[in-house]
Amino acid sequence: MRRSRFEPAGWIMFTISGVVFLAAALRDGDQLVFWGSVTWLVGVGFFLSGYFSGR
């Protein structure tokens, strides 16, 4: 499968958005947003591991 040159930029933006939500959750003390952000970042990590493993 051919990969788009925009894919890495999209993954970087997804990661940045997760970090921003995580920072907002920590600042506001919101546990629901915190765990949602952690889950989001773990999910992005799974996708990135598949992306960089070449499969």
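Look a little higher up for the structure.
Treat the numbers as computed from the prediction; the structure is a model and nothing was measured.

### Quick look at the overall build of the protein
Part 1: From N to C terminus, the protein includes two helices and zero strands.
Part 2: Since a compact globule built from 55 residues should have a radius of gyration of about 10 Å, the 13 Å found for the protein marks it as more spread out than a globular shape.
Part 3: Based on the C-alpha atoms only, the size of the protein along its principal axes is roughly 40 × 15 × 10 Å.
Part 4: By the burial criterion, 13% of the 55 residues in the protein qualify as buried.
Part 5: Here the protein displays about 4,600 Å² of accessible surface, and carbon together with sulfur accounts for 71% of that area.

### Brief notes about the side chain of Ser37
Part 1: Its place among the elements puts Ser37 in helix H2 (residues 31-53).
Part 2: On the accessibility criterion, Ser37 (3% relative accessible area) is buried.
Part 3: Within the structure, the side chain of Ser37 is placed 2.8 Å from the backbone oxygen of Val33, a separation counted as a polar contact.
Part 4: Ignoring anything within four residues of it in the chain, the contact list for Ser37 reads Gly18, Phe21 and Leu22.

### Brief notes about the packing of aromatic side chains
Part 1: According to the stated counting rule, one finds four aromatic pairs in the structure shown.
Part 2: Note on Trp11 and Phe47: the rings are 5.2 Å apart at their centroids and 25 degrees apart in plane angle, and the pair reads as stacked. You can see Trp11 sitting in helix H1 (residues 7-28) and its partner Phe47 sitting in helix H2, a full 36 residues away along the chain.
Part 3: Linked through ring pairs, Trp11, Phe14, Trp40 and Phe47 together constitute an aromatic cluster.

### Structural notes on H2
Part 1: When the terminal C-alpha atoms of H2 are compared, their 33 Å separation across 23 residues agrees well with the 33 Å that a helix rising 1.5 Å per residue should span.
Part 2: By the burial criterion, the buried members of H2 are Ser37, Val44 and Tyr51.
Part 3: Elements that come into contact with the buried residues of H2 comprise H1.
Part 4: Its side-chain oxygen 3.1 Å from the backbone nitrogen of Leu32, Asp30 forms the N-cap of H2.

The rules behind these values
Chains are numbered independently. Their residues run from 1 in the order of the written sequence. pLDDT decides what is reported in this predicted model: residues at 70 or higher carry local features, side-chain atom pairs at 80 or more are listed and counted, and totals for whole chains, interfaces and linings draw on all residues regardless. In computing side-chain values, all of the structure's heavy atoms are included and hydrogens and water are not. A run of H or I in DSSP becomes a helix once it reaches four residues, and a run of E becomes a strand once it reaches two; helices and strands are each numbered from the N terminus. Radius of gyration means the value over C-alpha atoms here, while the globule rule gives 2.2 Å times the residue count to the 0.38 power. Only protein chains enter the accessibility calculation, which uses a 1.4 Å probe; a residue is then buried when its area is under 20% of its type maximum, exposed when over 50%, and partly exposed in between. Residue burial considers only the protein chains on display, and all accessible areas are found by Shrake-Rupley using a 1.4 Å probe. Distance and chemistry together define a polar contact, namely a pair of N or O atoms within 3.5 Å, with one atom able to donate a hydrogen and the other to accept it when in protein, and with adjacent residues in sequence counting only for side-chain atoms on both sides. Contacts were defined at the residue level, with two residues in contact if any of their heavy atoms lie within 4.5 Å. Centres within 6.5 Å are what make two rings of Phe, Tyr or Trp a pair, Trp counting through its six-membered ring; a difference in plane orientation under 30 degrees is then read as stacked, over 60 as edge-to-face, and the rest as tilted. The span expected for a helix works out to 1.5 Å for each residue beyond the first.

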